[in-house]
Amino acid sequence: MTTDDPRTTDDPRTTDSPPITDPPITDPSITDPPITSPSITNLLVANRGEIARRIFRTCRELGIATTAVYSDPDADAPHVREADTAVRLPGAAPADTYLRIDLIVRAALEAGADAVHPGYGFLSESPGFAQAVLDAGLCWVGPPPAAIAAMGSKTAAKRLMAEAGVPVLDALGAPTEADLPLLVKAAAGGGGRGMRIVRDLADLPAALGAARAEAAKAFGSDEVFCERYLPTGRHVEVQLLADAHGTVWAVGDRDCSLQRRHQKVIEEAPAPGVPDDVRSALHAAAVSAARAIGYTGAGTAEFLLAEDGRFWFLEMNTRLQVEHPVTEAVTGLDLVALQLAVAEGEKLPGPDAPPTTGHAVEARLYAEDPAKDWQPATGTLHRLELATRYHEFTSTGETGGTAGTGLRLDSGVAPGGEITPHYDAMLAKVIAWAPTRTAAARRLADALSRAKVHGPATNRELLVRALRHPAFLAGRVHTGFLAEHAAGLLAPDSKGTGRAALAAALAEAAARSTARTGALPSGWRNLPSQPQARRYRTEDGAEAVVRYRLTRDGLRADEYPGVALVEASAERVVLSEGEVRRAYEVARHGDRVYVDTPFGCTVLTALPRFPDSVGQTDPGALLAPMPGTVVRTGAEVGDTVTAGQPLLWLEAMKMEHKVTAPADGVLAELRAAPGQQVELGTLLAVVHPAP
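The rules we used
- Every chain's residues receive numbers from 1 upward, in the order its sequence appears when written.
- Residue-level local features of this predicted model are given only where pLDDT is at least 70; pairs of side-chain atoms are given and counted only at 80 or more, and the full residue set underlies all totals for whole chains, interfaces and linings.
- To get the side-chain values, all heavy atoms of the structure are used, and hydrogens and water are removed first.
- Secondary structure follows DSSP: runs of H or I at least 4 residues long count as helices, runs of E at least 2 residues long count as strands, and numbering of each begins at the N terminus.
- For the exposure calls, accessible area comes from a 1.4 Å probe over protein chains only, and a residue counts as buried if that area is under 20% of its type's maximum, exposed if over 50%, partly exposed in between.
- In what follows, residue pairs with any heavy atoms lying within 4.5 Å of each other are defined as contacts.
- In this description, accessible areas are obtained by the Shrake-Rupley approach with a 1.4 Å probe, and a residue is regarded as covered only by the protein chains that are shown.
- For two strands to be treated as a pair, DSSP must find no fewer than two bridges joining them.
- An axis is simply a line fitted to the C-alpha atoms; with a helix, the fit covers only the stretch in contact. Between two such axes, the angle follows the N-to-C directions and lies from 0 to 180 degrees.
- Two kinds of site are reported from a 1 Å grid over the protein atoms alone, namely cavities, where a 1.4 Å probe fits but cannot get out, and pockets, open sets with protein on both sides within 12 Å along at least five of seven lines, and residues are called lining when an atom falls within 4 Å of a point.
- Grid points are joined across faces, edges and corners, and a volume is the space filled by probe spheres set on the points.
- Residues are grouped as follows: nonpolar covers Ala, Val, Leu, Ile, Met, Phe, Trp, Tyr, Cys and Pro; charged covers Asp, Glu, Lys and Arg; every other residue, Gly included, is treated as polar.
- In this scheme, roughly parallel covers angles under 35 degrees and roughly antiparallel covers those over 145, while 65 to 115 is roughly perpendicular and the rest are oblique.
- The sense of a crossing depends on the near helix, which, turned anticlockwise from the far helix by less than a right angle, makes the crossing left-handed and, turned clockwise, makes it right-handed.
- By definition here, a salt bridge exists when the distance from a side-chain nitrogen of Lys or Arg to a carboxyl oxygen of Asp or Glu is within 4 Å.
- What we call a nonpolar core is a set of buried Ala, Val, Leu, Ile, Met, Phe, Trp, Tyr and Cys residues that are connected through their side-chain atoms within 4.5 Å.
- Think of it this way: a Phe, Tyr or Trp ring, Trp meaning its six-membered ring, pairs with another when their centres are within 6.5 Å, and the plane angle makes it stacked under 30 degrees, edge-to-face over 60, tilted otherwise.
- What pLDDT conveys is the predictor's confidence in a given residue, as a value from 0 to 100.

Q: Looking at this model, I keep getting lost on the overall build of the protein chain. Mind explaining?
A: The secondary structure content of the protein chain amounts to 16 helices and 38 strands. When the 691 residues of the protein chain are sorted by exposure, 55% land in the buried category. Considering only intrachain contacts with a sequence separation of at least 6, the fraction spanning at least 24 residues in the protein chain is 66%. Accessible area of the protein chain: about 27,400 Å², with a carbon and sulfur share of 52%.

Q: When you look at the sheet that holds strand 13 (residues 311-317) in this model, what are you seeing that I'm missing?
A: Backbone-to-backbone hydrogen bonds join strands into a sheet, with any given pair of strands oriented parallel or antiparallel. Ordered in space as 13-12-9-10-11-14-21-19, the eight strands form an open sheet in which the pairing is antiparallel. Only two strands of the sheet have a single neighbouring strand rather than two, namely strand 13 and strand 19 (406-411). For this sheet, the mean angle separating the axes of adjacent strands, direction not counted, is 25 degrees. Direction of pairing for strand 12 (residues 297-305) relative to strand 13: antiparallel, over a ladder of six bridges. Bridge pairing links F303 to F313 in strand 13.

Q: Before we go on, may I ask you to explain the layout of surface pockets in this structure?
A: By rolling a water-sized probe across the atoms, one finds the places where empty space is left. Taken as a whole, the largest pocket encloses approximately 1,400 Å³ of empty space. Lining the largest pocket are 49 residues, and of these E461, R465, D493, C601 and T602 lie nearest its centre. Residue assignment for the lining of the largest pocket shows that the elements contributing at least two residues are strand 15 (368-369), helix 12 (460-468), helix 16 (497-516), strand 24 (543-551), strand 28 (580-589), strand 29 (592-597) and strand 30 (600-606). For the lining of the largest pocket, a count of residues per class yields 22 nonpolar, twelve polar and 15 charged.

Q: Looking at this model, I keep getting lost on the packing of helix 3 (residues 101-111) against helix 4 (residues 127-135). Mind explaining?
A: Two quantities define a packed helix pair, namely the angle between the helix axes and the distance between the axes. Running from amino to carboxyl end, helix 3 crosses helix 4 at an angle of 30 degrees, the nearest separation of the two axes being 10 Å. What the angle tells us is that helix 3 and helix 4 run roughly parallel. In this structure, the crossing between helix 3 and helix 4 has a hand that is right-handed. Together, I101, I104 and V105 of helix 3 and G128, F129, A132 and V133 of helix 4 make up the contact between the two elements. The residue inventory of the contact of helix 3 with helix 4, partitioned by class, reads six nonpolar, one polar and no charged.

Q: Is there a simple way to explain the pairing of strand 10 (residues 248-260) in this structure?
A: A regular strand carries its side chains on alternate faces of the sheet. Here strand 10 lies mainly inside the structure; twelve of its 13 residues are buried. Looking at chain direction, strand 9 (residues 234-242) and strand 10 are connected through six bridges and run antiparallel. Counted as the bridge partner of E237 is R254 from strand 10. What sits between the antiparallel neighbours strand 9 and strand 10 is a turn of five residues, in which G246 has the positive phi angle 100 degrees. In terms of strand pairing, strand 10 meets strand 11 (residues 263-269) through four bridges, oriented antiparallel. Counterpart to Q259 in the pairing with strand 11 is K264. Hairpin connection, strand 10 to strand 11: the antiparallel pair is bridged by two residues, and R261 has positive phi, about 50 degrees.

Q: Is there a simple way to explain the pattern of salt bridges in this structure?
A: Any two side chains of opposite charge can pair if their charged atoms end up close together. The full count for this structure, using the stated rule, is 39 salt bridges. The residue R261 makes a salt bridge to D373 at a minimum N-O spacing of 3.1 Å. Separated by 112 residues along the polypeptide, R261 in the loop between strand 10 and strand 11 and D373 in the loop between strand 15 and strand 16 (375-376) bring together distant segments of the chain. Judged by its relative accessible area of 10%, R261 is buried. Between K429 and D410 there is a salt bridge, and its shortest N-O distance comes to 3.8 Å. Taken as a pair, K429 in strand 21 (residues 426-434) and D410 in strand 19 lie far apart in primary sequence, 19 residues in all.

Q: What should I look at first to understand the environment of P145 in this one?
A: Examined against the element boundaries, P145 turns out to sit in helix 5 (residues 145-150). P145 gets classed as buried once you look at its relative accessible area, which sits at 14%. Measuring from C-alpha to C-alpha, the distance between P145 and E125 comes to 8.9 Å, with 20 residues separating the pair along the chain.

Q: What exactly am I supposed to notice about the nonpolar core here?
A: Soluble, globular proteins show a tendency: their nonpolar side chains are buried together. One finds I40, L43 and I266 to be the most contacted residues of the largest nonpolar core, which totals 72 residues. Ignoring sequence-local partners within four residues, the contact set of I266 consists of D255, C256, S257, L258, V361, E362, A363, L463, A466, L467 and F472. With 28 residues, the next largest nonpolar core counts A147, V168, A242 and F311 among its residues.

Q: Would you explain the sheet that holds strand 31 (residues 621-623) in this entry?
A: Strand order across the open sheet formed by four strands is 31-38-36-33, with antiparallel pairing between neighbours. On the outer flanks of this sheet lie strand 31 and strand 33 (640-641), each paired with one strand and no other.

Q: Explain the side chain of S124 to me, please; I cannot follow it from the model alone.
A: Mapped onto the elements of the fold, S124 is located in the loop between strand 4 (115-117) and helix 4. Setting aside residues up to four positions removed in sequence, S124 forms contacts with P118, G119, W140, T318 and R319.

Q: Would you mind showing me how to read the packing of aromatic side chains here?
A: Inspection of the entire model under this criterion finds five aromatic pairs. Both rings, one in Y98 and one in Y423, keep their centres 5.8 Å apart while their planes meet at 75 degrees; by these two values the pair is edge-to-face. Taken together, the positions of Y98 in the loop between strand 3 (85-88) and helix 3 and Y423 in the loop between strand 20 (418-419) and strand 21 put the pair 325 residues apart, joining distant regions of the chain. Take Y98: its relative accessible area is 0%, and that puts it in the buried class.

Q: Hey, could you run me through the environment of G112 in this one?
A: Here G112 is to be found in the loop between helix 3 and strand 4. By relative accessible area, which is 48% here, G112 ends up partly exposed. Between the C-alpha atoms of G112 and L43, which are 69 residues apart in sequence, the distance is 9.0 Å.

Q: Sorry if this is basic, but what is going on with the confidence of the model for the protein chain here?
A: In low-pLDDT regions, the fine details of the predicted coordinates are not to be read closely. Across the protein chain, the average pLDDT comes to 86, with 87% of residues at 70 or higher. A low-confidence stretch, residues 1-35 (pLDDT under 50), is modelled with 151 contacts involving residues beyond four sequence positions or located in other chains.

Q: Can you walk me through helix 3 in this structure?
A: Because an α-helix completes one turn every 3.6 residues, residues spaced three or four positions apart along the sequence face the same direction. Three or more residues of helix 3 are buried, namely L103, I104, V105, A107, A108 and A111. Contact partners of the buried residues in helix 3: strand 1 (42-45), strand 2 (65-70), strand 3, strand 4 and helix 4. The positive-phi residue at the C-terminal boundary of helix 3 is G112, with phi of around 80 degrees.

This is the structure:
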C-alpha cells in the first residue's frame, strides 16, 4: 500500500454540489463599485462535474446566467443539463477538451459569457489561461496571472516565500543517508502525480526517472526536486480570501492529512489539536504568503505541520479547493459568491473573516477498490443517495451560530450515468457539521454507512471505518494514517455476508414467485424436498452458497438453523434470530446484488447454477483490470520475471497503476505498447511460470 504524504494538491475531474441557500455576504457600508468595474451577467465555468454544478448554484442565487463546456463523454452529464447554455468541446481526452485554452475562450465568446471561472483542476492554475481570458476582454474569476505564475513552480515558490519570511522545507540538492526518507516531487505538479517516496538511496535514481516521466506527461515539465519526508507529519492548510483593496482574510484552517496516493480522502475544519499560538502563526504565515505575491480572490496556503509544532510552507493553490465546503460549514460563508464579488471589484465585508463555529468533516467517495491497491472502478452508477434526511448548511443552525447543521452531498454524477476512465475517480463528497468534532464524525460515518451506493466498487467502507477508528476520534491524524492502520481498515468484512446472501436468495425467490402467481415464494413445498441452492461471489472473491427450504413450518436454512423468515418481497427481506429482527433492502442490477442495512452494504455477484468450464483464462494471462492507456512497459518478451515485478503501467482516472507478474517465470507475450488504449479485460501479457 502506498504511504500518503501531505505535500499534495487536488485535481479531481468529476464532482457535484447541493444548492447553497445562504444569501451572498454583503455589507451595507460598501458602496456600489465604480462604473468601470466588471459586472458579471453570464459566467462560463471551464470545468465539469461537481465544481461546475457548485458554481452554477451560487450563480442562480445571484441571478447570473451560466454556461457549461463539455467533452463527448460528458454530453449527458448533470452539469451540462443544469447550465443555461452548453458548448461542446469535441473529443474525450482532457488534453483535447478541458485543457484546450483556445477552445474554452472561443466557447465563452460564442455563448455570450462575460466571465470565466476555472473551478479546480484542469486549467485553474494556468497563468496562460488566465491571461488568455483577460486578453479576450472577459472577466477572470481568480487571482492575477502573475500571482498564479509566482506559485506555479514549487521550487520558485519556496524561494519567494523564504524571502517573505515564511518557513519553508528546503529542497535537497544532493541527498544523503542522513536525509532519508525522501520525497521526490514534481516542481510543476499536484494531485499526487510525479511523487515518489524513497527510503533507500539506491532507489533514488529509479524514483527520479519515474517521477520525471510522469511529471512531463501530466504537467509538461519534467522538473523534480527532493525534500525530506515526514511520515507522521500533518497536512494543514489555511483558506485565504483577498480583495483588490488590500484586505486579506485567513478564513480558518483545515486538516487534510488522511490521504491515499498523495491525494486527500478525509478533510476537516478546523484542524484538530493545534495549539492557539501555532494556529495564529499558521494564519499569519498564510497572509504573508498572499501579500508577497499581490494575491486576490480565493486561495489556499498549504503547510506541513510536525508533531513538535514546527511548520513549513509547501505550496499555494491559487484556486478554490475541493474541501472548501468544510470551511463554508463552520463560517457560514459562500466562498464562490465571495470569489465573484472580488472579481467584480467589491471589497470583502470587513477587515477580518468571521469566526468559526462547530466542526465539519468531509469524506470523498471514490470509485475505487482500496483492497486492490486503490484500483479505480468504472461502469454504470445505478444509485447514489443518502439514506438519511439531509439539508444544506444555513446561516442559522441548531446552535444558533453562524454555521448550520446536518449533511451536505456534493456529487457530479447521477443515477444511470457512466463512470469512465477519462476523469478523476471521485463520485461525491459528503460533508457533516456538528457542534463538536466527535459528533460531526459520528454523523458523517452514519450517513455513509446508510447511503445507497450501487454501481462500481467504492471506498465507502474504508471511510466509515476511518471515521470510527479510535485513533481518528482521538485526533491522532497524520499523512501515514491509512498505511499505519491498513490491516484493520482494509480487512475483508465477512460479518453478516452469509445472512445478506440468504436475504438476496429469498428476495430473488419472492420476485420469481410474484411474477408467476403473486403468492408464496419460490421453493415453498407442502412436502419435504431437496433445498433450493443459490451461489454468490463476494467482493473479496469468496463464494457464498445458500441452501434453504420454505415449508408450512417456515424457513429452513442449512447454514443458519436459528434464522426465521418474517417477510420477503423482491426489494425487502426481514429475518429474525431469537429476539433480534433485521431488515435487508435488496436491489439487483444485472448479476450484481446489493443488500443494504443500516450498518452498510454487502455486494454480491450472482453465479450460474452450473458453472461454464468453457473459456477459462490461462493462469499466466494478465488482463487489463480497468479501461485505460498503456503508459510504459517494464520488460520485454523472453525476459525472466519475478512475482510482483511491474511489467507495464496503465493510466486511468488520473493515476498510474502497475500490472505485475503473477508468478516467477518468463514473459512469453506482451500485447500492449505505450499509448495503446485498452478496455477492461483486454489481454495485456502472458507469463509462463518457471518449472
